[in-house]
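Chains, contacts and geometry: an overview
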Amino acid sequence: MRIHLQKRDSRSTLMTILVPVASLLVSFLLGAIVLALSKADPLVTYRAMLRGAFGSQTKLQYTIAKSIPLLLCGLAVGVAFRLKFWNIGAEGQYIAGVIGITWVMQFWTFLPVALLLPVGMVVGVACGALWAAIPGVLKAQWSVDETLTTLMMNYIIIGYAEYLYINAWKAPRGNMGTILYPEAAWLPRIWGRVHAGLYFALALVVVLYFVLYKTRWGFELNMIGKNRRAAQCQGVCIKRNIILGMLLSGAIAGLAGVIDSAAVTHQLTKGVNAGYGFTGIIIAWMSNLNPFVSILVALIMAALETGSDALQILKLPSAMGEVMQGLILIPLLAGSVFTEYRLAKSGTHTEATA
Amino acid sequence: MNAIDFTTNLLAATLAMGTSLTYATLGEVYTEKTGVLNLGMEGTMLLGALAGFATAFKTGNLLLALFMAMAVGAALSLIHAFLCVTMRANQVVSGLAITMFGSGLANFLGQRLGPASNRYNLTGMNLSSRFTNIAIPYLCDIPILGALFNVSILTYGLYVLVPFAWFFLYKTRHGMVIRAVGENPRTAAAMGISVSRVRYLYTLIGGMFAGLGGACLSLSFIPSWNDGMTGGKGWIVIALVIFSAWNPARVVIGTLVFGGITSLQFSIQAAGFKLMVPAQFLGLSPYLITLLVLTAMTIIAQKRKGAFASPSALGSAFAIDDK
């Protein structure tokens, strides 16, 4: 007797909730094995990570602040993934946003200082959207493989950003980084390290939920992702929606960059490619592309990052957070099959006909 | 420095650079031929580089280092095969997960496997032995092309493996089975071929090649360990597979061109020429060229149906009882 997979009649709701939660637990278990094998005490390390992420008010603030760009990148990737457009380029679109706002802050000096922030944000978001639109158009017009184009565009803009902060836009002092934005144009803090970007992120969650689940356009995006041919038969314009979807996705990733640089770094400098775009992929997939669930997942991912930063001081390996983030998707992918399939014993009557 | 010396040096650098790319690209060709897309190359190469370097550092045994690099490459691809073949997971997301996990694990182990005197870091450590160039007498004295006969054993290995891969895939019965599985799994299954077994096997083999490609970097090209030292080469590999139209014979052209572009910036600097463009622009040029070539090729493929066609079943899961 063999056990094999049999298609369910409909998606299992229980499994859509159970699988991500179980995956999280499994990945912590697997992480413990990795730690034990590399001669680090798993319990000590996890406790240190937990304390590093939530141990004090300041640490909690750091974690929340970190979760803001992560959440936005997760939302950005989620919009594209809904279309089954594999946007691996949120990283680059994020950097395009940072470049855009830095350009305004540094060179649009004719503007009154009060206008620098709003104008900079708009320009940054537009840069992110345009950078994303290029692979969008290539895909829509000539079906050029988007995983590769978005990825290559990451490396291109990382190189360009490096050129800007080392050569063209470098501040007179120091050997890298642009001059800081004028202090009056910074995005204000609302609670310690937590800045006003949180309002933008949370508002966007609500708006996106409404757009994606309650409007005709959201329905069209979903249909393209689920069943492209059916969408075509319904008269949905796929080309236009791919480009629009990518504009939105890139705009959100650009917003993440704009907010993080206006509130935290205040300049374009080394470390602008922090990997938020890649973490965004994990967030989008773990939350099953649901904006509200993304908030929670982004917080967990942020905790993994701030938690592993704390490991460095304790001389524990700080790359553990990276391992954990990579690990989380594996049990999730293995488990997600159970939302559409169930285990069945072969050799039973129904199987004989298959 | 005269033009002939410059060209010879550039070719030598291109071969050293291209070796790593060619191993990984060959591996990905084997995998994709069976219909499995493995976007985990970047992570697999990085973990292979780490495994090779760590083994060579601890034991000084280069062959064992190569073996370990292949073993971890296979192990990482086993996860991908399990997710995509058995659990029917999305191949794109699974590949990304493999890359993120592989890179994370490699960077983590790089902070753990070093000596206590270096705070357990492998970065900054040197190898007692590495793969050095072996010159074939007389042949290596030919102007320019002599560079082809003064390379490491890893590169010589490719002189055999590339023609073999082409012969194996296109001229043997087993190669036909592989192509059948990638083109039309349903028919292959009807012929009595186990689609899952073939896909598992060649995903593992692809991972072994990727591990080897990573080890080429850390044991020969730049004998050292650095966080993220593959720097996106695993993604170039995915593009090179498309450029080669899934044909091992054409893989070499792609890797030589891209190895050449990447080496050019170093050769120009080494030759003492003043750079006309900032170094960062040269650094990003391989990615820009990949983007442009990929776009051009896709458009040509659409105009001329059948040119650069991918295996028909690439990226899709297969189960015999699916409707």
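Residues numbered from 1 in each chain as written. Chains lettered and ligands numbered in written order. Predicted model: local features only at pLDDT ≥ 70, side-chain atom pairs only at ≥ 80, totals over all residues.

1. A closer look at the overall build of chain B
The criterion, for reference: We count a stretch as a helix when DSSP gives it H or I for four or more residues in a row; a strand needs E for two or more, and each element gets its number in order from the N terminus. Two residues qualify as being in contact provided that their C-beta atoms, derived from the backbone, are within 7 Å of each other.
When helices and strands are tallied, chain B shows 11 helices and 2 strands. Taken from N to C terminus, the helices and strands of chain B fall in the order α-α-α-α-β-β-α-α-α-α-α-α-α. Counting only C-alpha atoms, chain B reaches 65 × 50 × 40 Å along its principal axes. Taking contacts inside chain B between residues at least 6 apart in sequence as the whole, the part at least 24 apart equals 77%.

2. Here's the deal with the overall build of chain A
For the record, the criterion: This radius of gyration counts C-alpha atoms alone. The globule rule is 2.2 Å times how many residues there are, raised to the power 0.38. Field definition: a residue is buried when 20 or more other C-beta atoms are found within 10 Å of its C-beta, exposed when 12 or fewer are, and partly exposed for counts in between, with C-beta atoms placed from the backbone.
Counting its regular elements, chain A contains 15 helices and 4 strands. At 22 Å, chain A has a C-alpha radius of gyration in line with the 20 Å of a compact globule built from 354 residues. Counting only C-alpha atoms, chain A reaches 80 × 55 × 35 Å along its principal axes. Across the 354 residues in chain A, those meeting the buried criterion constitute 50%. For chain A, restricting intrachain contacts to residue pairs at least 6 apart in sequence, the fraction spanning at least 24 positions comes to 78%.

3. Here's the deal with helix α2 (residues 42–54) of chain A
Since one α-helical turn is 3.6 residues long, residues separated by three or four positions face the same way. All names here are of chain A. What counts is decided by this rule: Given the number of residues in a helix, its expected span is that number minus one, multiplied by 1.5 Å. In this description, the arc belongs to the directions extending from the helix axis to the C-beta atoms.
Helix length check: α2 (13 residues) gives 18 Å between terminal C-alpha atoms against 18 Å at 1.5 Å per residue, within 8%. The complete set of buried residues in α2 reads Thr-45, Ala-48, Met-49, Gly-52 and Ala-53. What you see down the axis of α2 is that its buried residues fit within an arc of 125°, all on one side. Along α2, exposed side chains directed more than 90 degrees from the buried face belong to Leu-43 and Val-44.

4. Overview of the interface of chain B and chain A
Where we set the bar: Residues were grouped as follows: Ala, Val, Leu, Ile, Met, Phe, Trp, Tyr, Cys and Pro as nonpolar; Asp, Glu, Lys and Arg as charged; and all remaining residues, including Gly, as polar.
Facing 39 residues of chain B, the contacting portion of chain A comprises 39 residues. Among the elements that take part in the side of chain B that touches chain A, helix α11 (residues 279–303) of chain B stands out by supplying 13 residues, more than any other. The residue makeup of the side of chain B that touches chain A, split by class, is 25 nonpolar, 11 polar and 3 charged.

5. As for the nonpolar core
Applicable threshold: Definition of nonpolar core: a set of buried Ala, Val, Leu, Ile, Met, Phe, Trp, Tyr and Cys residues joined via C-beta atoms within 7 Å.
Ranked by size, the top nonpolar core spans 209 residues in total, and within it A:Leu72, A:Cys73, A:Ala76, A:Ile252, A:Ala256, A:Leu329 and B:Leu50 carry the most contacts. Beyond its immediate chain neighbours, meaning those up to four positions away, A:Ala256 contacts A:Pro69, A:Leu72, A:Cys73, A:Ala76, A:Tyr94, A:Gly97 and A:Tyr276.

6. Observations regarding the environment of A:Ile99
Residues and elements named next belong to chain A. Looking at the element boundaries, Ile-99 is found in helix α4 (residues 90–107). For the pair Ile-99 and Tyr-160, spaced 61 residues apart in the sequence, the C-alpha separation amounts to 9.5 Å. Those residues within four positions of Ile-99 in sequence are excluded, and the remaining contacts are Cys-127, Ala-161, Leu-164 and Leu-268.

7. A word on the confidence of the model for chain B
Residues and elements named next belong to chain B. We count it as follows: Per-residue confidence from the predictor is reported as pLDDT, which spans 0 to 100.
Put simply, chain B has an average pLDDT of 88, and 95% of its residues get 70 or more. When pLDDT is averaged over each element of chain B, helix α3 (residues 62–86) comes out on top at 96 and helix α10 (residues 248–270) at the bottom at 83. The complex model carries a pTM of 0.91, and its ipTM stands at 0.88.

8. With respect to helix α3 (residues 57–82) of chain A
Residues and elements named next belong to chain A. Operational definition: Two axes are fitted around each residue, one to the seven residues ending there and one to the seven starting there, and the angle between them is reported as the bend at that residue.
Given a rise of 1.5 Å per residue, 26 residues ought to cover 38 Å, and the 36 Å separating the end C-alpha atoms of α3 matches this to within 8%. Roughly 25° is the biggest bend found in α3, and it falls at Ile-68, with proline Pro-69 one to four residues downstream. Counting buried residues in α3 gives 21 out of 26 residues, a clear majority hidden from the surface. One or two positions beyond α3, positive phi appears at Lys-84, with a value near 60°.

9. Observations concerning the packing of helix α7 (residues 197–214) of chain A against helix α10 (residues 238–265) of chain A
The axes of two packed helices give the description: the angle between them and the distance between them. All names here are of chain A. We count it as follows: Convention adopted: a line fitted to C-alpha atoms gives each axis, helices being fitted over their contacting stretch, and angles between N-to-C directions are expressed from 0 to 180 degrees. Note that the term roughly parallel is reserved for angles under 35 degrees, roughly antiparallel for angles over 145, roughly perpendicular for angles of 65 to 115, and oblique for everything else. Should the near helix be turned counterclockwise from the far one by less than a right angle, the crossing is left-handed, whereas a clockwise turn marks it as right-handed.
Contact geometry for α7 and α10: axes closest at 10 Å, N-to-C directions at 165°. Relative to α10, α7 is oriented roughly antiparallel. Every pair of crossing elements has a handedness; the one defined by α7 and α10 is left-handed. Across from Gly-197, Phe-200 and Leu-204 in α7, the residues of α10 making contact are Ile-252, Leu-255, Ile-259 and Ala-263. The class makeup of the residues in the contact of α7 with α10 is 6 nonpolar, 1 polar and no charged.

10. Remarks on the packing of α4(A) against helix α5 (residues 113–142) of chain A
All names here are of chain A. Following both chains from N to C, one finds α4 and α5 inclined at 145°, their axes separated by 7 Å at the closest point. Crossing geometry of α4 relative to α5 is assigned as right-handed. In this structure, α4 uses Gly-92, Gln-93, Tyr-94, Ala-96, Gly-97, Val-98, Ile-99, Gly-100, Ile-101, Trp-103, Val-104 and Met-105 to contact α5, whose residues at the interface are Leu-116, Val-119, Gly-120, Met-121, Val-123, Gly-124, Val-125, Ala-126, Cys-127, Gly-128, Trp-131 and Ala-132. Among the residues making up the contact of α4 with α5, the classes are represented as 17 nonpolar, 7 polar and no charged.

11. Digging into the environment of A:Arg240
All names here are of chain A. Here Arg-240 lies in helix α10. Look at Arg-240 and you get exposed, because 11 C-beta atoms sit within 10 Å. For the pair Arg-240 and Val-122, spaced 118 residues apart in the sequence, the C-alpha separation amounts to 23 Å.

12. Comments concerning unusual backbone geometry
Residue and element names in this part refer to chain A. The backbone of Lys-84 shows a phi angle near 60°, a positive value even though the residue is not glycine. Residues other than glycine seldom take positive phi values, yet Leu-289 does so here, at roughly 65°. Its location among the elements puts Leu-289 in the loop between α11 (276–286) and α12 (291–313).

13. Considerations on the environment of B:Asn61
Residue and element names in this part refer to chain B. For Asn-61, the position within the fold is in the loop between α2 (41–59) and α3. Asn-61 sits in the partly exposed class, given 13 other C-beta atoms within 10 Å. Sequence separation between Asn-61 and Ile-222 is 161 residues, and the spatial gap between their C-alpha atoms is 17 Å.

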